[in-house]
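Residue-level structure breakdown
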Amino acid sequence: MENPFVFGEIVEQRHFVDREKELQNLVRDLADGQKVFLLSPRRFGKSSLVSLALLKLQKRHIRTANITVSSYANYAQFLEKFAERVLRSAGPWDRVKGWIGRFIQRVQPTITMNPASGETSISLSRAADSDASPLAAEVFAMPGELARNGGFRMAICLDEFQQIDLFGGPAVENVLRNEVQRQREIGYVFSGSQPSLMEEMLSSGRPFHKAGPAVFLEKIPVAAWKDFIRAQFKSRRRKVTEQALDRLMKAADLIPYDVQRTAHELWDYAELADRAELDIPEVDLVIDEL
Ligand SMILES: Nc1ncnc2c1ncn2[C@@H]1O[C@H](COP(=O)(O)OP(=O)(O)OP(=O)(O)O)[C@@H](O)[C@H]1O
Ligand SMILES: [Mg+2]
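Everything numeric in this text was worked out from a predicted model, so none of it was measured.

1. Points about the site of ligand 1
Near ligand 1, the surroundings consist of 22 residues, among which V6, E9, K46, S48 and Q260 are the closest. A distance of 2.9 Å separates an oxygen atom of ligand 1 from a polar backbone atom of G8. Here an oxygen atom of ligand 1 and a backbone polar atom of G45 are 2.9 Å apart. Residue composition of the shell around ligand 1, by class: 10 nonpolar, 7 polar and 5 charged. Of the domains in this structure, domain 1 (19-216) and domain 2 (222-289) are the two that each give at least three residues to the shell around ligand 1.

Given below as structure tokens:
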């Protein structure tokens, strides 16, 4: 049987623990076209929460795009990928191309389509390499143009949003904020794993001040973790004692990544040693080897 404890990856729905309220609120806000700021320390579960929210929105026929800001080396590359993801999420190129007249006229991108996959890729003009900023407003305006002309709603996530500052500081924030606030029909979630940098971006005098609700993701409560872990082991006819669970939670300091990682190792240990009951010594053994 597959190890049900996943760490270092986006958690799928069937292994997603708790956060029901947060999920419900995020889905609602994005569907309403709000601009939400999601903050927490690293490995608390922002990306997993957002992924699941976007999945739920897709089921409601809302187009979604998820872009990790920190994956791009420079502003021009980020803008290209942003445009690409948004275009792809909107639908098949044959239909989408009719909806982005202004973007094509002003930006004059090179758009290529892979006939096998039907996927489009975009490159912005050469000029963007030296200074991307004149293009930025056009690129950030595109989701609004698409949604209006195509008659649909959209939700966009910019993950690791604090990194946007590396592309040019408040000037970049300013362009984005100006375009985003005109897009009533588009929900945005800006999530950041450096709460201090994100808070700075939201402080007064900065472009994103009071642009939308800020959500601070807390740790997942002990009880929810215990239920989840117990149930997984039970499906394999194994029992984890209450004290063992307490030890595990304490060692992981309730940090979601660490809880999952420890539980993952405990699962592997139980499989290998074929233990029907897992108690404190077994948890300690596993923790020692992490
Ligand atoms: N709701 C959840 N249910 C179960 N496990 C979770 C949940 N949220 C987070 N985790 C665990 O924490 C790990 C990290 O989650 P995720 O990558 O979503 O966090 P993050 O806040 O985006 O982290 P980073 O700041 O490093 O990008 C996951 O791989 C998983 O092990
Ligand atoms: Mg993340």
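Following the structure, the description resumes.
2. Overview of helix α3 (residues 75-90)
Here α3 spans 23 Å end to end across 16 residues, near enough to the 22 Å set by a 1.5 Å rise per residue. Summarising burial for α3: 12 of the 16 residues are buried, a large majority. Taken together, the buried positions of α3 are Y75, A76, F78, L79, E80, F82, A83, E84, V86, L87, S89 and A90. Where α3 begins, the capping side chain belongs to N74, and its oxygen is found 3.3 Å from the backbone nitrogen of A76. At the C-terminal side of α3, G91 shows a positive phi close to 145°.

3. Some details on the side chain of S89
Residue placement: S89 occurs in helix α3. Look at S89 and you get buried, because its relative accessible area is 16%. Polar side-chain contacts of S89 include one of 2.9 Å to the backbone oxygen of V86. With sequence-adjacent residues up to four places away left out, S89 is seen in contact with R63, T64, A65 and M154.

Conventions we followed
Residues numbered from 1 in each chain as written. Chains lettered and ligands numbered in written order. Predicted model: local features only at pLDDT ≥ 70, side-chain atom pairs only at ≥ 80, totals over all residues. Heavy atoms only, no water. Near = heavy atom within 4 Å. Polar contact = N/O pair within 3.5 Å; in protein donor to acceptor, adjacent residues only side chain to side chain. Nonpolar A, V, L, I, M, F, W, Y, C, P; charged D, E, K, R; others polar. Domains from an automatic or database assignment. Helix = DSSP H or I, 4+ residues; strand = E, 2+ residues; numbered from the N terminus. Expected span 1.5 Å × (residues − 1). Buried < 20%, exposed > 50% of the residue type's maximum accessible area, 1.4 Å probe, protein only. Contact = heavy atoms within 4.5 Å.

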